[in-house]
Amino acid sequence: MWLAIGSLAILIGLSVALLISVFDAGPILRQRVVQTLSDRFKSRVDLRAFHVTVRHGVQVSGDDLRIYGETDPNKSQPGIQPLFSIANFSFRTSIWNLLRTPMHIDTVTLRGLSINIPPKNDRRQMARMRRKGSKAKLYVDHFVCDHAELVINTSTAGKLPLVFDIQNLVMDDTAPGQPLRFRADLVNPKPVGMIHSAGLFGPFQEENPRDTAVQGSYSFRDADLSTIKGIGGILSSVGSYSGTLDHIVVDGSTDTPNFQVTRSGHAVPLKTEFHAIVDGTTGDTYLEPVRAKLRRTSLTARGFVIKEAHGHQVKLHVAIDAGRIDDLLTLGVRTEPPVMTGNVTLNANFNLPPGEQDLSDRLLLDGSFDIVGGHFTNSRIQDKVGALSLRSQGKPKLAKTDLSDNVLADVGGTFRLGTGVLTFSQLRFSVPGTQVDMTGRYSLDGNQFDFHGKARMQAKLSHMMTGWKSVLLKPVDPFFKKDGAGTELPVKITGTKSEPKFGLDFGRHDEKD
């Protein structure tokens with residue numbers, strides 16, 4: 001009986017102690033949370049609201065949690081910014097876990113997480129703070145976050161922080177000193193779209209975050225390219241990555257079945273495969289290389305994308321070893337069909353400075369190209385080119401036949417593109433019997449041609465005509481025969497895509513051919 005009475009007294013005592021612990025859970029947990037974070041970062045911790053309820057275990061929630069450092073991580077914003085801030089957090093644990101040291105929590109749900117990574121020099125201070133801290137009194141196995149923002153700040157003048165907008169984030173602690181397993185959905189600002197990524201992160205190298213390991217895979221679906229002014233289409237991309245934060249190696253591919261330059265208005269299929277090096281602390285990307293397929297044309301690009309104060313600077317070297325000029329013209333020029341078909345090789349430097357203007361107005365290109373077997377799709381142009389070839393070979397009677405359509409041209413030169421206008425410092429045009437060297441300008445909208453140069457023909461001037469014209473021109477043959485050419489004439493191409501004009505260029509005299 002005494003044993004029974006004693007056991008009953010012990011149970012009553014334990015029940016009373018347990019009830020006291022339950023009703024005192026709020027202050028206990030608040031103290032644990034604040035003390036753990038304060039010891040962890042050796043800094044001020046603010047927690048505006050903290051709530052505890054006992055229903056199916058202990059349920060805890062808090063609002064407006066802020067953790068500060070010794071320095072302001074983001075001086076571009078007014079006031080002193082916290083290193084970490086959480087709009088709301090909540091978790092559930094058992095009553096018995098309140099009595100454990102360290103306390104163990106399975107899952108914490110976060111809303112409105114913001115992480116402000118200080119500039120490089122201040123990060124070492126964070127690491128020193130971490131080493132001085134005492135052992136944590138609270139451990140969490142899983143974090144589930146609804147909307148997070150990661151801001152990587154820089155002390156470089158004129159360069160804005162790198163900001164990642166993360167819609168959903170789940171992190172699982174695999175083991176002490178081991179990487180976190182994560183799944184995340186990120187909003188990409190330009191082009192607008194959602195990126196899903198999963199992989200491993202860490203362990204975090206606090207003294208030098210750049211050395212933190214990361215690996216995983218990603219998918220980028222239904223990205224709207226029209227959010228970049230000047231282009232359009234819906235892009236999808238998949239790939240994998242590995243390395244450290246300042247040297248992430250990315251291998252991936254993209255598919256845009258309806259890519260277009262807005263100014264031309266023509267949608268074409270575009271696929272790419274790329275190998276890139278990304279500095280995750282700055283957002284700078286080095287492409288080594290990108291291999292793209294545009295309709296039937298393959299091209300290779302190497303270069304970089306650098307984040308600047310007002311956007312991104314893109315510089316690439318683009319090479320086409322075996323392409324089609326009509327594919328390039330379809331993409332870049334409004335004229336339908338493209339003015340010429342044929343095989344093309346190209347080497348060019350691509351420069352796209354940051355800005356809000358249309359991509360076509362910002363794009364700068366300079367380089368050289370060669371077109372082999374060119375054929376003009378405009379019958380008026382092709383007839384004149386074919387007739388010129390046959391006449392310059394001394395076959396004027398054939399110039400009026402359908403044989404002119406079979407004449408193919410070779411075109412090459414050096415060019416520069418700026419503000420939507422192609423300027424040619426050297427343009428070579430040749431067909432059997434004729435070589436033309438010109439300089440001039442051509443607008444991408446197809447509304448302006450302005451070329452001037454010299455044409456060297458194999459035949460004498462009189463041999464390019466028939467009948468009485470041939471007889472009349474014989475006396476002047478010697479005046480137009482130069483440097484081994486049967487005839488050399490000043491020529492020009494002017495007008496528009498709908499009204500091209502080919503003629504001799506004798507200054508004030510505008511004699512059409």
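In case you missed it, the structure is sitting above this.
A short tour of the structure in this document, coming up.

Each helix and strand in the protein chain was counted, giving eight helices and 24 strands. For the protein chain, the proportion of its 513 residues judged to be buried stands at 43%. Within the structure as shown, the protein chain displays about 27100 Å² of accessible surface, and the carbon and sulfur contribution to it stands at 57%.

Further remarks concern helix 4 (residues 325–332). One turn of an α-helix holds 3.6 residues; hence residues three or four places apart share an orientation. For helix 4, the buried fraction is high: six of the eight residues fall into the buried class. Restricting attention to buried positions, one finds in helix 4 the residues I325, D326, D327, L329, T330 and L331.

Right, let's talk about the pattern of salt bridges for a bit. Any two side chains of opposite charge can pair, given that their charged atoms come close. Within the structure shown, the criterion is met by 12 salt bridges. Taking the shortest distance from any N to any O, the salt bridge between D327 and R295 comes out at 3.7 Å. Here D327 is found in helix 4, whereas its partner R295 is found in the loop between strand 14 (285–294) and strand 15 (297–308), with 32 residues between them in sequence. Given a relative accessible area of 0%, D327 falls into the buried group. With a closest N to O distance of 3.9 Å, K454 and E488 form a salt bridge. Of this pair, K454 sits in strand 22 (residues 449–457) while E488 sits in strand 23 (residues 487–495), placing them 34 residues apart in sequence. Among the residues examined, E488 registers a relative accessible area of 12% and is labelled buried.

Another point: the packing of aromatic side chains. For any pair of aromatic rings, the description consists of the separation of the ring centres together with the inter-plane angle of the planes. In the structure shown here, the tally under the stated rule is seven aromatic pairs. On the numbers, 6.4 Å between centres and 50° between planes, the contact of F50 with F89 is tilted. Of the two residues, F50 is situated in strand 1 (residues 45–54) and F89 in strand 3 (residues 84–93); the sequence distance between them amounts to 39 residues. Residues Y442 and F449 carry aromatic rings whose centres are separated by 5.0 Å and whose planes lie at 40° to one another, so their mutual orientation is tilted. Through a chain of ring-to-ring contacts, the aromatic side chains of F369, F415, F424 and F451 assemble into a single cluster. Across from the ring centre of Y68, 4.0 Å away, lies the NZ or CZ of R44, which sits over that ring.

Residue P203 follows G202 across a cis peptide bond; omega there is 5°. Mapped onto the secondary structure, P203 falls in the loop between strand 8 (192–201) and strand 9 (213–224). Look at the link from E288 to P289: it is a cis peptide, with omega at -5°. Looking at the element boundaries, P289 is found in strand 14. Despite not being glycine, D64 has its phi angle at roughly 55°, a positive value. Tracing the backbone through its elements, the reader meets D64 in strand 2 (residues 58–67). Here D64 falls in the partly exposed class, since its relative accessible area comes to 25%. Of note, the phi angle at D222 is positive, near 55°, even though the residue is not glycine. The exposed category is assigned to D222, whose relative accessible area is 59%.

Note on placement: S237 falls in strand 11 (residues 234–244). The buried category is assigned to S237, whose relative accessible area is 6%. From its side chain, S237 meets the backbone oxygen of S253 in a polar contact 2.8 Å long. Setting aside anything within four residues of it in sequence, one finds S237 in contact with Y218, S219, F220, S253, T254 and F274.

Before going further, it helps to examine the nonpolar core. Core analysis: the biggest nonpolar cluster contains 95 residues, and F89, F369, F415, F424 and F429 have the highest contact counts within it. Sequence-distant contacts of F429, that is, excluding residues within four places in its chain, are made with F376, V385, A409, D410, V411, T434, Q435 and V436.

What follows deals with the pairing of strand 18 (residues 364–376). For a regular strand, side chains alternate in direction, first toward one face of the sheet and then toward the other. Bridge count between strand 17 (residues 340–352) and strand 18: 11 bridges; the pairing is antiparallel. When the sheet's bridge partners are listed, N343 is paired in strand 18 with V372. Pairing analysis gives eight bridges linking strand 18 to strand 19 (residues 409–418), with the strands arranged antiparallel. Bridge pairing in strand 19 places F369 opposite G413.

Bringing helix 6 (residues 379–392) into the picture now. A rise of 1.5 Å per residue sets the reference length of helix 6, with its 14 residues, at 20 Å; its end C-alpha atoms lie 20 Å apart and thus fit the reference within 8%. Those residues of helix 6 that sit buried are I381, Q382, V385, G386, A387, S389, L390 and S392. Two residues or fewer past helix 6, G394 is found with a positive phi of approximately 80°.

This brings us to the side chain of D477. Along the polypeptide, D477 turns up in helix 8 (residues 477–480). Here D477 is buried and forms no salt bridge, its nearest opposite-charge partner K460 lying at an N-O distance of 5.4 Å. If we ignore the near neighbours within four places in the chain, the residues touching D477 are K460, L461 and S462.

Let's shift gears to the environment of T335. Within the fold, T335 resides in the loop between helix 4 and strand 17. Under the relative-accessibility criterion, T335 is labelled buried at 14%. A C-alpha to C-alpha distance of 7.6 Å links T335 and S264, two positions 71 residues apart in sequence.

Calculation rules
- Residues numbered from 1 in each chain as written.
- Predicted model: local features only at pLDDT ≥ 70, side-chain atom pairs only at ≥ 80, totals over all residues.
- Heavy atoms only, no water.
- Helix = DSSP H or I, 4+ residues; strand = E, 2+ residues; numbered from the N terminus.
- Buried < 20%, exposed > 50% of the residue type's maximum accessible area, 1.4 Å probe, protein only.
- Areas by Shrake-Rupley, 256 points an atom, 1.4 Å probe, with all protein chains shown as cover.
- Salt bridge = Lys/Arg side-chain N within 4 Å of Asp/Glu carboxyl O.
- Phe/Tyr/Trp six-rings, centres within 6.5 Å; stacked < 30°, edge-to-face > 60°.
- Lys NZ or Arg CZ within 6 Å of the ring centre and 35° of its normal.
- Polar contact = N/O pair within 3.5 Å; in protein donor to acceptor, adjacent residues only side chain to side chain.
- Contact = heavy atoms within 4.5 Å.
- Core = buried A, V, L, I, M, F, W, Y, C linked by side-chain atoms within 4.5 Å.
- Pairing = 2+ DSSP bridges.
- Expected span 1.5 Å × (residues − 1).
- Lys, Arg positive; Asp, Glu negative; His and termini not counted.

Everything listed is a geometric property; what it means functionally is a separate question.
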